[in-house]
Each structure stands twice: as structure tokens, then as C-alpha cells.
Amino acid sequence: MPIDTLLPVPNFTGGEWMIPETTETTPVYNPSTGQKIAETPMCGAELVDASVRNAHEAFADWSETPPVERIRVLFRYKMLLEDNFEAIAAIITREHGKNLAEARGDIRRGIEVVEYACSIPELMKGEILENVARGIDCEMVKQPLGVCVGICPYNFPALAPMWMYPMAIATGNTFIFKPSEKVPLTAIRLIELLQQAGLPPGVLNIIHGGRECVDALLVHPLVRAISFVGSSPVAKYVYEKGIQHGKRVQAAGGAKNYVFVLPDADMANTAGGLNDAAFGCAGQRCMAGSTAVLIGKAADRLIKPLSDIVSRIQVGPTDRGTGGTMGAVISPAHRDRVSRLLEGGVKEGADLLIDGRGVVVPEEPNGFYLGPSIVDRVESRMEIAREEVFGPVLNLMRFDDLEAAIELANHTPFGNGACIYTQSGSAAREFKHRIKAGMVGINVGVPAPLAYFPFSGWDYSFFGDLHLQGREGVLFYTRHKVTTSRWFSYGEGDIWHKD
Ligand code: NAD
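Quick caveat: nothing in here was measured; it's all calculated off a predicted structure.

Chemist: An account of the state of the cysteines is needed here, citing residue identities and associated values.
Modeler: For the structure on display, the rule yields zero disulfides. Between Cys213, a cysteine without a disulfide, and Cys43, which holds the nearest cysteine sulfur, the sulfur-to-sulfur distance is 5.9 Å. Cys281 carries a free sulfur, and the closest cysteine sulfur to it, the one in Cys286, is 10 Å from it. The exposure class assigned to Cys281 is buried, which follows from its relative accessible area of 4%.

Structural data, given as C-alpha cells:
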């Protein structure tokens, strides 16, 4: 399907691409240029119902399809993703604004989930114990749930949905994918390829929309499970409403990730790692290292090399392969929000070491650009310290000792990630053991989630019990059935002792 000409973008229901009959749409922009490139239809309860019913019908056959046949589709899908790798990266860049290297990372990590899902016959195996009592055996098998839903954010147009649907369909479920209304085009290409790989109609469906669409999915009686990735207030809402309506829910939320720097750290590598952690994807990452916690004399040693690297960042268009190293943010409204938070930080007493507001990109004056900013002497009472900024802003906080800094980090609501840069094994061990965060990095700025481990957010960064990816992902998309069986065999009953 030539997605350049799609205005508005289609839903995918029961194996058919259909432009929904709805007058309400949300514009989709190329953030690099500010041009409108598509419109997302905002679907409501009626279209949700049609989509869920299709998925429900498809479940009957797909759940009975042998796992080894299901993964043959995924093997073909993996090859199609590789063949179309650069084309997908270009779509991500165009509708999101991240640079090509970042877009390639987005799709590469997603492919790793497909590869992991290809081992589902092994991962879905159950357990058996003979002779739980004499002649009685007990076994546990994992069975799929039914119709599962994935509601996605804008910042990883490929990866966030791929945390969900490869695992959901490999385990025998059918799936409704609700992409972010801001980046619907990557979703279309990803699912076209899945259709090309031979996925039967109805097994995976796309429905576009916003709150009304999500609400209809959360209460639909045929929906069994909801996977959500997005901001924390919406994650909490989705979790609470979903469980009230009897769904299994995993809801990953926002973050405020701390990167501790000890005075003994290798400062050149630390500065490079922090630069990437804070400004990669223009800071629009739930694993962004958005606050550097500088212990003791670390500030004196880090700020100069860090500022040198950051001041070399080029900001510019990313959709033509020749552009800058840091792209635009998703919308003018988001750029304004980030600028307002920066302004607030200054008013509350922080020092703006590098100010990225008002950056000029002459070749694309209408793009949604913000340069990188570094704010020093941020204190925990400030709004910029408490709110997830989700833009190219790095806060610096200063502490005299590790103890006080751990204490502060452990009393913030979020718990996605935390990192430490040090050459001290004992300090790293202390940090790793005591820090209240689910993803920890040691001399690594972004402890990126990997397909074969759970993406283990804690506290206000995750609502639910079983995380996305890894074995927890398998458990989330299956339920256990335990069967106790007894066969009247030798020594029991009449069959063997007729005389
Ligand atoms: P968002 O919460 O605004 O939107 C996420 C999804 O929820 C979208 O599909 C949107 O249509 C829907 N939605 C928005 N408002 C809603 C409402 N009131 N009711 C029901 N549905 C609603 O998030 P976003 O701006 O698209 O993405 C950025 C956020 O996602 C950041 O907070 C980031 O940290 C977070 N995120 C978290 C992870 C993680 O794994 N923890 C990963 C990526 C992004």
C-alpha cells in the first residue's frame, strides 16, 4: 500500500484495509518539516466492536494452530522485516523525527522480539510431575487467553508495539493494535508485512483512535488482556479501568531516570554516555537519562567534557539521510511544554548552562526543533526535577555523598531506570542492590530493554504484575491449566484382575 497517498490512514480488520467512516481525524506531521503527512481517523465503540469480533472469530482457529506452524509465519515475517529494514526506518524518521540511526535501533530491537517469539514452542512448554500420589500424575500447560489489545505511545513507533504483538500471536492469541494517533504510518507497514508473511485474516487488527477508542477496548467483554505503553497518568487509568472490567493488564508508564556519577568515573566515557542517554531521540525515551546526579567532585570533572560534547550536537532534519544528529520533537505543543518547564526551572533558581530554546534550523524553519539544554543546580523541590520532561533537557543535581543521593532517588515516584558511572565495584554493588528502579545500568547510560529479559519498570512507571518481554511476556499472554489424572492401571480395578 503506497502510504504516501494515505489520507486518512486505514484500519485493518479481518484481513481487510478499510478507511473508516468517521469525520473526526487527528493530523499527523513530519516533525522535521512541520508538514502534515496524513490524518488518523478517531474511531469509536462501533468500529472497536467490529474489530474485536473479527479477532474473536479468528481466535478459534489460530489458538488451535500448532505453535510450530504459528512461528513459521514469524520466521517469514522476520525475513520480510530485514528486507524492508531501511524502508521502515525511513517511515519512522518521517513521522517521528528521530534520526535514521535511532530509527534503525527502533526496528532492530523490535525484530529481536520476533526472533525471541520464534522460540515459543520451547517457551510455552508446561510441566509435569508423575506420582503426585500413587498412580496419579499432575501436569500444567499454558493456553492462550483470547483477544488481546496493545495501546502504544508515539516515541517508539516500531518497538513499542513489537514488545506486544509478536509474543501475543506466537502464544496463540489474536490481537487488536491501537497505534499512537501521532505515528500511525509505521504501524501500517509493519502489519502489511505480517499479512504478507501469511498471518490469517483477523489474527491481527489495527484500529486507530484516541481516548474514546481506548475506552471502548477497555470495557469490551470479548477483550481478555490489555498491554499499554505510554505516560503514567494514562497507564494508571488504563490499568484501573481494565482490571475493573475483568481484564489482565500490563501498563508501562513514564519515567524520570537518574544517572549517578561518582568522582572516580572515567569522565570521557561518562560524558559520552550521558550525552547519548539525555539527548538520544531528542530526549523522547522512557529510558532517557534525564537527570545526572553528581556526587562530590564529579561536577568539577564532568561538566566541561560534557558541555563540549553537547555543544557539538547538530540539530536538523532527519528525514533525508543528510540531516543533523538530533531531530525535532513530536509537535509544537510538546516543544512549548518542554520550553515552559525549562523556564520554570530557571525561575525556581536553577542555572541554565546550555539553552536549547530558540534554536534555528534555516533549511527547515517550520520543523519542531529544540536544541539540547543542560540545567545545573536543580533541586528536588523544582517542577523540572519532578515532572517527566520528555525532551532534550539534562538536569544536573549535586550531592555530597552517594548515601544522600540514593535516598533522594528512592523517594521519587518513578522507577523505570537508574545508572551509575564509577570505577568502584563496591559503590556499584551498593547502588545496584539498593536503588529502587527495575532497570539498572553500571557504566551504561541507557540499560535498554532486551527481548529475552522483562522490561522491568517499578512503582509509578509500571502498573500490573507481569512485564512486557521475556518469560514474563509469555506468562502475560497465557494462562495455566493444571490437570490431575489417574488411570486405573495394574493392580487397580477389574480390568487386570478378572479372576
Ligand atoms: P500517552 O500516554 O499520551 O499516549 C499513549 C497512548 O494512550 C496513545 O495510544 C494514546 O492514544 C492513548 N491515550 C492518550 N491519552 C489517553 C486517555 N486520556 N485515555 C485513554 N487513552 C489515552 O503517551 P505518549 O505521549 O504517546 O508517549 C510518551 C509517554 O510514554 C512518556 O511518558 C514515556 O515515558 C512513555 N513511555 C513509556 C515506556 C515504558 O516502557 N515504560 C516506553 C515508551 C514510552
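Chemist: Which residues make up the packing of helix α2 (residues 67–83) against helix α8 (residues 184–196), and what values go with them?
Modeler: For the pair α2 and α8, the least separation of the axes is 8 Å and the interaxial angle reads 130 degrees. As the angle between them shows, α2 and α8 are arranged oblique. Taken as a pair, α2 and α8 cross one another with a handedness that is right-handed. On α8, the residues that touch Val73, Tyr77, Leu80 and Leu81 of α2 are Leu190, Leu193, Leu194 and Gln196. When the residues that make up the contact of α2 with α8 are grouped by side-chain class, the tally is seven nonpolar, one polar and no charged.

Chemist: Can you tell me about the sheet that holds strand β19 (residues 439–442), naming the residues and giving the values?
Modeler: The sheet built from seven strands is open, its strands ordered β14-β15-β16-β13-β12-β18-β19 with mixed pairing. Single-partner strands in this sheet number two, and they are β14 (351–354) and β19. Across the sheet, the axes of successive neighbouring strands diverge by a mean angle of 20 degrees, strand direction being ignored. Contacting β12 (257–261), β13 (289–295), β16 (393–399) and β18 (417–421), helix α15 (residues 402–409) runs over the sheet at an angle of about 175 degrees to β12.

Chemist: Explain helix α16 (residues 425–434) to me, and be specific about the residues and the numbers.
Modeler: Of all the residues in α16, the buried ones are Ala427, Ala428 and Phe431. Mapping the buried residues of α16 onto a view down its axis gives an arc of 100 degrees, with all of them on the same face. Opposite the buried face of α16, by more than 90 degrees, sit the exposed residues Gly425, Ser426 and His433. The elements touched by buried residues of α16 are β12, α15, β18 and β19.

The rules we used
Residues numbered from 1 in each chain as written. Predicted model: local features only at pLDDT ≥ 70, side-chain atom pairs only at ≥ 80, totals over all residues. Heavy atoms only, no water. Disulfide = S-S within 2.5 Å. Buried < 20%, exposed > 50% of the residue type's maximum accessible area, 1.4 Å probe, protein only. Axes fitted to C-alpha atoms, helices over the stretch in contact; angles between N-to-C directions. Helix = DSSP H or I, 4+ residues; strand = E, 2+ residues; numbered from the N terminus. Parallel < 35°, antiparallel > 145°, perpendicular 65-115°, else oblique. Left-handed = near helix turned anticlockwise from the far one by under 90°. Contact = heavy atoms within 4.5 Å. Nonpolar A, V, L, I, M, F, W, Y, C, P; charged D, E, K, R; others polar. Pairing = 2+ DSSP bridges. Arc of directions from axis to C-beta.

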